[in-house]
Each structure stands twice: as structure tokens, then as C-alpha cells.
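# Breakdown of the fold
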Amino acid sequence: MRQRDNLRVSRGQVAWLEYDPAESANQLWCLRNGAPLQVTAPDFSIRSGINGYGGGALCLDGPRAFVVESADQQIQQVDCNTGARSRLTCEPDARFGGLVWDPVRCRILAVCERLKHGQVEAQQLVAIDPETGRVGVLASGEDFYGAPVLSQNGCQLSWVTWSLPDMPWLFSRLWRAQVNQGGTLASPCPMDTPRPASVQQPLFVEDRLVALSDHQGWWQPYDVSAEADSIQWQALTNRQADHANAPWQLQESHSVALPGKAWARVIYHQGTAELWLCDGSGEHRLAERFVDFRALQQKAGRILCIGKRPDALDSVLDIDPATGAVTLLAGGEQPLGAGGCVSPELLRFTAANGMGITGFFYRPVRHDPGHDNGLTSPDLPPVIIRVHGGPSSAAYPVFDPQVQFWVQHGLAVLDVNYRGSTGFGREFRLALAGNWGEADVEDMCAAVAYLKGHGLADHRRAFIQGRSAGGFTVLMAMMETGVFKAGASLFGVSDPARLRSQTHRFESGYLDWLLGDPDQHRDRWQQRTPVLQAHRITAPVIFYQGGQDQVVVPAQTDTMVAALKASGQAPAYHYFPEEGHGFRSASRQAFLLASLLRFYQDHC
């Protein structure tokens, strides 16, 4: 399905990136005379590979766009009016992301990842001359850098760093520096939080620095200043809610400053995003039909963003904060027509430790004995319990063609935001520390018990499906729990110890946090390594894997399938040599759904 992100605004120009599944390419689009126009050719794809997940592959200088080409990770200049392209950088052992245009010095600011023998060696904060492509280093020495942000007068720069083995949603650090006349940084100063925390999305309002921090339990906005010998973090809201999700990608934007000291901010509530206007008269919710918002920008006092709904594809929106009127600029297609989608229902139940768990439940469209789809019965419908990836991520009630496919074929679906999911505060997010493969599995089993107790689905025909980290949860849940009739692992983790030595640098310390130090918790690692516990899985499992996956490498699935076969099982396995971490080809996605449907039908 078409996806839209990286919305940018510069001197009246509006542009974004749009994924075209037919071409398996991310393309540059812009507004021309108020209508959406594709700028780049179908054979040209834009995507940053920095940290494995990218982000910030586009910045704008009016009609001039600078993008990261997916194939070689170099920056190209694109004319939004003509589509003409020219290569800017030539750094074969580097890749770029988090692009930001510096209008004061007419240059590009970015995060640069340096490679040696194909492996990431270091990251730097850099400035790039748009005429020559020359790359100059602004800051180095930290393990990871977040996208920089410049003050309006160009005199100050702020950015975020973090260090191995931490992930940016565990601990990170805010920096601020003066930018001298030559464009280099002077007096870089860490703006430390009152206690260790995760900080993200700094931005300047004139010369004021505002950033999100979760040192009080939630990602909330703060005014950050240096006074005398101390750093002051002044809360801008008392609302106890996350104002962003986990920063897997660079240059996320969940808030924007508006004229008259007003703000537009995204707030996550029970898994759903809400857009709020905060001004002198109080707080007002905007665009209530939408359930997630990304890439907030401001143009002439209006809010531009990517909005998501349960029944439509990603929309490029123009929102008038004065009236609340929402104008659709691009996207918003309804593949199933008006009223054709099954809407999500919010479910709440309790985890073993007393924490509240939420999920989004989708009822099957047709569930009656007279309709023969191979899955129905006179009783309750079968159900797919879906485990989101990450695991420090979340399930959102946005349009998902896979969910709609399942419900059209008689299966109920439940997306669970298990312990460790983001959008529910720091304590909930960190509840998975040392508990991966245990707490998440408990929550999946509790979800089935809830459905059974409320007569929503047939617990005897409960399937579990997950991708990436969610695939690990699937395999752990299949071990002697007796809850799930079959499972599907899509490029899932099966051997954490081996993955620890093979995965990319960004997540190289993540597994130690999820499972504990392997030297101190050897038994735990042994018991939570599916490939070593394959004999405990007796129900059917189906596997999918991409040959180009650099996050969960193909050996993870290969060895798990071999281990199951050695224990007498007959797992189904589909391997796609050209796919990476997530299947982008439309034909592969169609095959995935068709083969999974047959699998579930065979085991109902």
C-alpha cells in the first residue's frame, strides 16, 4: 500500500516521500498549484539506511530538494519543478540521514555514518556544501547522533546523542552549541536532564530551546535553558502522556510551534494519537477522525502533517488551527470504499504484574455458518493475535490492508500493545528489561483468555503472528503454552546470542537489555533461545525470511527451521532472496497473505 512520510515545508514549497508498492520505490512528491505531483522517476528510490531504519532522507530549500538515494546512500539534488537530478556527495564509505537545510549558511546539515569494510565504524554530525558536495565535520566522538536542529537566526545548534549499549529510548543526551561565523561549532554544552532519561526532538522557538524528555515518566515537552552553573528543565505541560513514540528513525516531528506562542502537539492515549492545539485560550483537540500524526510542519500559521485513519491510506493534511478545518492535500485513498473497513475496538485487560494492557480488536466481516470461507463454524471465529515488532514499538489503529484481508476471510484480529510497547510511559516501556520472552508471552496468552472470557473469539483456534522481534515472541509462545494452535514468524529472532554478534551496530546492545547480561544470566538466555528449545514446539509454525535482511539476518530463520526439522517437525518456510527487513514488493506481500491464509485454513 502507498505510504507517505518525511513531509517538509520550505519557502512555500511542500514536499514529501511516497512509497509506491508497484515499483518498490520511495519517490519524491510535491504540491504544484495545489495538486500533488510525482517528481522523481519510478526507477529512482529515496531512503536513508542510517541505523538500519533511516529517517530524514529529504530536506528542502524552496524548490530545491536534497534526498538520500536508496541504492548508494549518497545525497542528490532534485529540482521539484523539472525532476532534474544531480549527484552531490561522493563518499562511497558513508551513508547519510537526518538531513536539515541551513538557510543562513545555505548548506545541508546531516548525520553521517562512516563505514569500514562494510561495517559501521562511527557517526558524525556534518555540514555539506550544496555546490561542491564537500563534507565537513561539525561534531564527532559520540556513538550515535540524532538529527540536528538550527535556531531561526542560525546562531545555535542542538542535537541528541546516545552511547552503546543503550538505545535512544533508554538513555540519551541533549546538546547545545553556538555556531560561529565560519559555520563551525563553539562551546558545545550537554544540557543534562535532572535524572537519566531519554530525550528527543529538540527544536528552537526563536532562541528558546524546547525538547521532549521522559525524566518524569513520560515524553513531555520542556523549555531547556542554562542558568548560572545549572541546566533548567521547565515543564510546558502537566499532562502525563507520551508526546512522541520511540525514535527508531531520525528526524521525527510530533510538535510544531505556531504564531502567537501557540503549539500543535501529538499526545498518545491508550495507543491512539491525538492532535492538540495549545494556545492562550487552553487546549483544543484537532482532526479527531485521525488516529496518528507524523511530520508536523508549519506554513503561514497553518499545521501541515501526515495523518492516518483506520479506513484510509496516509493523508497529507492542512489544518487551520483557528477553525479546526482539515483540508486533504494528497492521499487519503479508501481502498475498500466508504464504510468498507472494519473499525478497531479498544480492548483493555490486565497483565500478570497488574499493569494495564490494551489492544485493538477487529471483528470478522462475515461469520456465519452459511458462508464457506474455510474458516467459519457455528461457534466463535478463529483469531490471529498479532505481535508488533521492536519490541520497543507499538500497534496503532491505523489502516492496515493485512488486517482487512483477514477479517474479510473470516478471521478476527487482535493487535496487542504488550508490556514494553511505547506510548504508555517510561515505566511501561522499560517493563520488558530482562523480561523479553516472558512478559510479552504472558500478555499474549492473557489476550486469548480475555477473548475467551468475553465471547469474542474461539480460543481453541487462536493463532499467533509476529514480525522481527514479534517473531521471537511467537516462537516463545509456541513452547508448551498450549494456547496457540499455530504460529507464523516473519523474519523473527530465534537465536539471540548469535544475533548479538551478527546484527547491526544500532541494536548491538539491545539484546543485553532485553535478556540481561549473557554472562550473568546464562540459564535465562538458554531457556529463551528458541533454536535451542525447538523440541518444545509441537504445533505447526510457518516462516518467512528476506535474504537481504541486515537486522534479523537469514541465518536466524535458517537455523530455526533446521532445528524444528531435527526434532521431527515439518515447518513451512518461504525465503525471498531479494527482500530485506520487511517485504516491500507488492507481489511478495500478496504471496505472503495468500500462503498465510492457506496455512490458517489448514489448521482451523
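### Considering the pairing of strand β19 (residues 208-213)
For β19, the buried fraction is high: five of the six residues fall into the buried class. Pairing geometry for strand β18 (residues 199-205) and β19, over five bridges, is antiparallel. The residue of β19 that forms the bridge with Val 199 is Ser 213. In this antiparallel pair of consecutive strands, β18 and β19, the connection spans two residues, and Glu 206 shows a positive phi of 55°. In this structure, β19 lies alongside strand β20 (residues 220-227), joined through five bridges in antiparallel fashion. What sits directly across from Ser 213, in β20, is Gln 220. Taking the residues that link successive antiparallel strands as the turn, the β19-β20 hairpin has six residues, and the phi of Gly 217 there is positive, at about 105°.

### A word on helix α1 (residues 401-408)
Helical geometry: 3.6 residues make up each α-helical turn, so side chains three or four residues apart lie on a common side. Residues Gln 402, Val 403, Gln 404, Trp 406 and Val 407 constitute the buried set of α1. Buried residues along α1 sit against β31 (356-362), β32 (383-387), β33 (412-417), β34 (462-467) and α9 (586-602). The distance from a side-chain oxygen at the start of α1 to the backbone nitrogen of Gln 402 is 2.9 Å, and the residue carrying that oxygen is Asp 400. Gly 410 sits one or two positions beyond α1 and adopts a positive phi of about 90°.

### Digging into unusual backbone geometry
In this model, Leu 164 is joined to Pro 165 through a cis peptide bond whose omega is 10°. Its location among the elements puts Pro 165 in the loop between β15 (156-162) and β16 (173-179). Following Gly 390, the chain continues into Pro 391 via a peptide bond in cis, with omega recorded as 5°. Inspection of the secondary structure assignment puts Pro 391 in the loop between β32 and α1. One non-glycine residue with positive phi stands out, namely Ser 24, at about 50°. Topologically, Ser 24 is positioned in the loop between β2 (13-20) and β3 (25-32).

### Concerning the environment of Thr 358
Relative to the helices and strands, Thr 358 is located in strand β31. Separated by 61 residues in sequence, Thr 358 and Arg 419 have C-alpha atoms that sit 9.6 Å apart. Those residues in contact with Thr 358 that lie beyond four places of it in its chain are Gln 270, Leu 346, Leu 347, Arg 348, Asp 415, Val 416, Asn 417 and Phe 424.

### Details of the packing of helix α3 (residues 439-453) against helix α4 (residues 469-477)
Here α3 crosses α4 at 70°, and the two axes come no closer than 9 Å. It follows that α3 is roughly perpendicular to α4 by the angle criterion. Taking contact as the criterion, the partners of Asp 440, Val 441 and Met 444 in α3 are, on α4, Thr 473, Met 476 and Ala 477.

### Points about the packing of aromatic side chains
Summed over the entire model, instances satisfying the criterion amount to 27 aromatic pairs. For the ring pair Tyr 53 and Trp 248, a centre distance of 4.9 Å and an interplane angle of 70° mean the geometry is edge-to-face. Residue Tyr 53 is found in the loop between β4 (35-38) and β5 (58-61), and its partner Trp 248 is found in the loop between β21 (230-235) and β22 (255-258); the two are separated by 195 residues along the sequence. Relative accessible area serves as the criterion here: at 17%, Tyr 53 is assigned to the buried category. Given the relative accessible area of 13%, Trp 248 is considered buried. Here Tyr 510 and Trp 513 contribute two aromatic rings whose centre-to-centre distance is 6.3 Å and whose plane-to-plane angle is 20°, an arrangement assigned as stacked. Note that Tyr 510 and Trp 513 are positioned in helix α6 (residues 510-515) at a spacing of three residues, about one turn of the helix. By the burial criterion, Tyr 510 is buried, and Trp 513 matches it. The ring centre of Phe 44 lies 3.9 Å from the NZ or CZ of Arg 85, which sits over that ring. The ring of Phe 290 has Arg 309 lying over it, and the distance from NZ or CZ to the ring centre is 5.7 Å.

### Structural notes on the environment of Thr 559
If you trace the backbone, Thr 559 turns up in helix α8 (residues 555-566). You can call Thr 559 partly exposed: its relative accessible area is 22%. Thr 559 sits 64 residues away from Asp 495 along the chain, and the two C-alpha atoms are 8.4 Å apart.

### Let's talk about the sheet that holds β4
Strand order in the open sheet made by the four strands is β1-β2-β3-β4, with antiparallel pairing throughout. Unpaired on one side and paired on the other, β1 (3-10) and β4 mark the two borders of the sheet. Averaged over all pairs of adjacent strands, the angle between their axes in this sheet comes to 30°, without regard to strand direction. Pairing of β1 with β2 involves six bridges; the strand directions are antiparallel. Across the sheet, the residue bridging to Arg 8 is Ala 15, located in β2.

### A look at the side chain of Arg 176
For Arg 176, the position within the fold is in strand β16. Within the local environment of Arg 176, its side chain forms a polar contact with the backbone oxygen of Asp 207, the two atoms lying 2.8 Å apart.

### So, the pattern of salt bridges
In the structure shown here, the tally under the stated rule is 35 salt bridges. For Arg 114, the salt bridge is made with Glu 91, and the minimal N-O distance between the two is 2.8 Å. On the criterion of sequence distance, the pair formed by Arg 114 in strand β10 (residues 107-116) and Glu 91 in the loop between β8 (85-87) and β9 (94-102) is long-range, its members being 23 residues apart. Judged by relative accessible area, which is 23%, Glu 91 ranks as partly exposed. In this structure, Arg 107 and Asp 102 form a salt bridge, with 3.0 Å as the shortest nitrogen-oxygen distance. Each member of the pair Arg 107 and Asp 102 is classed as buried. The network of salt bridges with shared partners includes Arg 2, Arg 4, Glu 18, Asp 20 and Glu 333.

What counts and what doesn't
Residues numbered from 1 in each chain as written. Predicted model: local features only at pLDDT ≥ 70, side-chain atom pairs only at ≥ 80, totals over all residues. Heavy atoms only, no water. Buried < 20%, exposed > 50% of the residue type's maximum accessible area, 1.4 Å probe, protein only. Helix = DSSP H or I, 4+ residues; strand = E, 2+ residues; numbered from the N terminus. Pairing = 2+ DSSP bridges. Contact = heavy atoms within 4.5 Å. Polar contact = N/O pair within 3.5 Å; in protein donor to acceptor, adjacent residues only side chain to side chain. Axes fitted to C-alpha atoms, helices over the stretch in contact; angles between N-to-C directions. Parallel < 35°, antiparallel > 145°, perpendicular 65-115°, else oblique. Phe/Tyr/Trp six-rings, centres within 6.5 Å; stacked < 30°, edge-to-face > 60°. Lys NZ or Arg CZ within 6 Å of the ring centre and 35° of its normal. Salt bridge = Lys/Arg side-chain N within 4 Å of Asp/Glu carboxyl O.

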